[in-house]
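Listed here are the chains, written in short residue letters.
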Amino acid sequence: MASDEGTGSADQKIGKTKRRPDLFMVLTWVASVAAVATLLWILESIVTPAWPAIQQMGLGFFTSTAWDANRDHYGALPFLIGTTVSSLIALLLALPLGVFIALFLSENFLPLGVRQVIRFVVELLAAIPSVVYGLWGIAVVIPLVQQFGGYLSDYLGFLPLFSGPATGNSMLTASLVLAIMVLPTITAISRTALVAVPPTLREGSYAVGATRWETIFRVLIPTAAPGIVAATILAFGRAMGETMAVAMLIGNSPRLSWSLLSPAGTLAGLLANQFGEAHGLQLSALMYAALALVVLTLFVNMAGEAVLRRAEKATAGIR
Amino acid sequence: MTTATSSIGFTARSLKAVDGNSRVRILRNNFWTFLCVTLSFLTLIPLFSIVFLLLQKGIPLLKPSVFTQLPPAPGLTGGGFGNAIQGTAVMVGLALLFSTPLGILSAIYLNEYSPKSRLANAVRFVQSF
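Quantities reported herein were computed from a predicted structural model and do not represent experimental measurements. (Residues numbered from 1 in each chain as written. Chains lettered and ligands numbered in written order. Predicted model: local features only at pLDDT ≥ 70, side-chain atom pairs only at ≥ 80, totals over all residues.)

Turning our attention to the overall build of chain B. A count of helical and extended segments in chain B gives 6 helices and 0 strands. Traced from its N-terminal end to its C-terminal end, chain B shows the element sequence α-α-α-α-α-α. Here chain B holds 129 residues, and 11% of them are scored as buried. Looking at chain B alone, contacts between residues at least 24 apart form 6% of all its contacts between residues at least 6 apart. (Helix = DSSP H or I, 4+ residues; strand = E, 2+ residues; numbered from the N terminus. Buried ≥ 20, exposed ≤ 12 C-beta atoms within 10 Å, placed from the backbone. Contact = placed C-beta atoms within 7 Å.)

Before going further, it helps to examine the interface of chain B and chain A. Contact with chain B, which involves 36 residues of that partner, is made by 42 residues of chain A. Looking at the side of chain B that touches chain A, the elements that each hand over two or more residues are helix 2 (20-42), helix 3 (44-58), helix 5 (82-113) and helix 6 (118-128) of chain B. Take the side of chain B that touches chain A: its biggest share by element is 10 residues, from helix 2 of chain B. Taken together, the residues of the side of chain B that touches chain A break down into 23 nonpolar, 11 polar and 2 charged. (Nonpolar A, V, L, I, M, F, W, Y, C, P; charged D, E, K, R; others polar.)

A few words now on helix 6 (residues 171-195) of chain A. All names here are of chain A. For helix 6, with 25 residues, the first-to-last C-alpha span of 35 Å sits near the 36 Å given by 1.5 Å per residue. Maximal helix bending in helix 6 amounts to about 40°, located at Val182; proline Pro184 follows within four positions. A large share of helix 6 lies buried, amounting to 23 of its 25 residues. (Expected span 1.5 Å × (residues − 1). Bend = angle between axes of the 7 residues up to and from the residue.)

Residues and elements named next belong to chain A. Packing of helix 3 (residues 77-106) against helix 10 (residues 267-274) leaves a shortest axis separation of 7 Å and a crossing angle of 125°. When the interaxial angle is binned, helix 3 and helix 10 end up oblique. Of the residues in helix 10, those touching helix 3 at Phe79, Leu80 and Thr83 are Leu267, Ala268 and Leu270. Each residue belonging to the contact of helix 3 with helix 10 can be placed in one class, and the counts come to 5 nonpolar, 1 polar and no charged. (Axes fitted to C-alpha atoms, helices over the stretch in contact; angles between N-to-C directions. Parallel < 35°, antiparallel > 145°, perpendicular 65-115°, else oblique.)

Another point: the confidence of the model for chain A. Chain-level statistics for chain A give a pLDDT mean of 87 and a share of 92% at 70 or above. Every residue in residues 1-11 of chain A is under pLDDT 50, and counting partners more than four places away or in other chains gives 6 contacts. (pLDDT = per-residue confidence, 0-100.)

Before going further, it helps to examine the packing of helix 3 of chain A against helix 8 (residues 212-241) of chain A. All names here are of chain A. Contact geometry of helix 3 with helix 8 gives a least axis separation of 10 Å together with a crossing angle of 145°. Of the two possible hands of crossing, helix 3 and helix 8 adopt the one that is right-handed. Across the interface between the two elements, Thr83, Ser87, Ala90, Leu91, Ala94, Leu95, Val99 and Leu103 from helix 3 touch Ile216, Ile228, Thr232, Ala235, Phe236, Ala239 and Met240 from helix 8. For the contact of helix 3 with helix 8, the per-class residue count stands at 12 nonpolar, 3 polar and no charged. (Left-handed = near helix turned anticlockwise from the far one by under 90°.)

Okay, the nonpolar core next. Ranked by internal contacts, the top residues of the largest apolar core, which has 83 residues, are A:Ala94, A:Val177, A:Leu178, A:Val182, A:Ala235 and A:Ala289. Of all the elements, helix 6 of chain A adds the most residues to this core, at 16 residues. Aside from chain neighbours lying at most four places away, what touches A:Ala94 is A:Ala179, A:Val182, A:Leu183, A:Ile186 and A:Ala235. Counting residues in each nonpolar core, the second largest holds 5 residues, with A:Ala31, B:Tyr109, B:Leu110 and B:Val123 among its members. (Core = buried A, V, L, I, M, F, W, Y, C linked by C-beta atoms within 7 Å.)

Residues and elements named next belong to chain B. For chain B, per-residue confidence averages 83 on the pLDDT scale, and residues scoring 70 or more make up 86% of the total. Here helix 1 (residues 12-16) is the element of chain B with the lowest mean pLDDT, 56, and helix 5 is the one with the highest, 92. A low-confidence stretch, residues 1-6 (pLDDT under 50), is modelled with 8 contacts involving residues beyond four sequence positions or located in other chains. Prediction confidence for the complex, expressed as pTM and ipTM, is 0.83 and 0.78 respectively.

Encoded structure:
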């Protein structure tokens, strides 16, 4: 705790009046402890009910593919894979798009007014509630995926990735909507990194005769790379934790499939769907899955924050 | 940032005046510019699509009673979702009531009293969580 002792005469003045403990400081300390305690409390309330499942299944929980409530056998592998794969596909789609938008916003291709409209729209995408994305996915994206997925499975069905039948509630649908949902995260953090690139680097590149895009690819993006990587990792964390929209769109199937056009499941969707009517070992297994999800997203977010901190330091030295 | 090029790309007239290698570089430059601007405008589509969907389905049913009345019994029409509006407002209000004082007090501790203590680091960690 901080000591607020002055020096010399001020100290003696305080010494004469009776010194009381700083009650306000105690109050702020209690508030800070409460924040930390709340997290511990949440973790404790996940681990305690999960304990029977942890003891019974151990790490085999993450390698077993069967989630069968009737036989009381639970394996989270399909959901673990579903969470990872849906987030990775979303990133695959959103990363190039997000970086291009970040470049568009930080370069002067079009007047500032136009760029600010685009920036506003991308930020609005972050403000739309998850459940509205889910509704939009059901009404707009699912019919599209059914139609184009039908063509895909007709012509490319020999590839395991596009083998039919094309269902609307599928990995592809969920990934497409997730991509739009994480786009604002990627764009905002990448844009900050690109804007932070010192103008002297750009001027130097132009001075030796590089075109604008040679400058972008060989100077701006390499310099801003740590920030773009951090944006990607944080977006990955967001996509993994996303619950409502994915639960509405992915089909929540406990089966593993190579095809992007067939239903899959995620850890978050599993919890949202089964928690209400679960009891006994099933409840415990769900808590185990929740713990896995928390640890996973925590790990990814910590990695992202760490890279972001390093990214801020990386460009700080260049003038 | 001042550049020798126009803001979108090089003009056709300047293309004739340069040698082959430079022409390829300029064309490549313009291709990326085109791709970048096009993709940026494509992001407008999802948002417009969402707004359009909500308006298309919502406007015909929009009347003041929707926000004040309770949901109708099964099989009946009319009514509204006033209960949900009130519930959202009360829930958000209560959440703010609990979290605002705690958050501000904790922020004061972090910034004013001991920014570098172990507790302060723990609180920052919890925040990022």
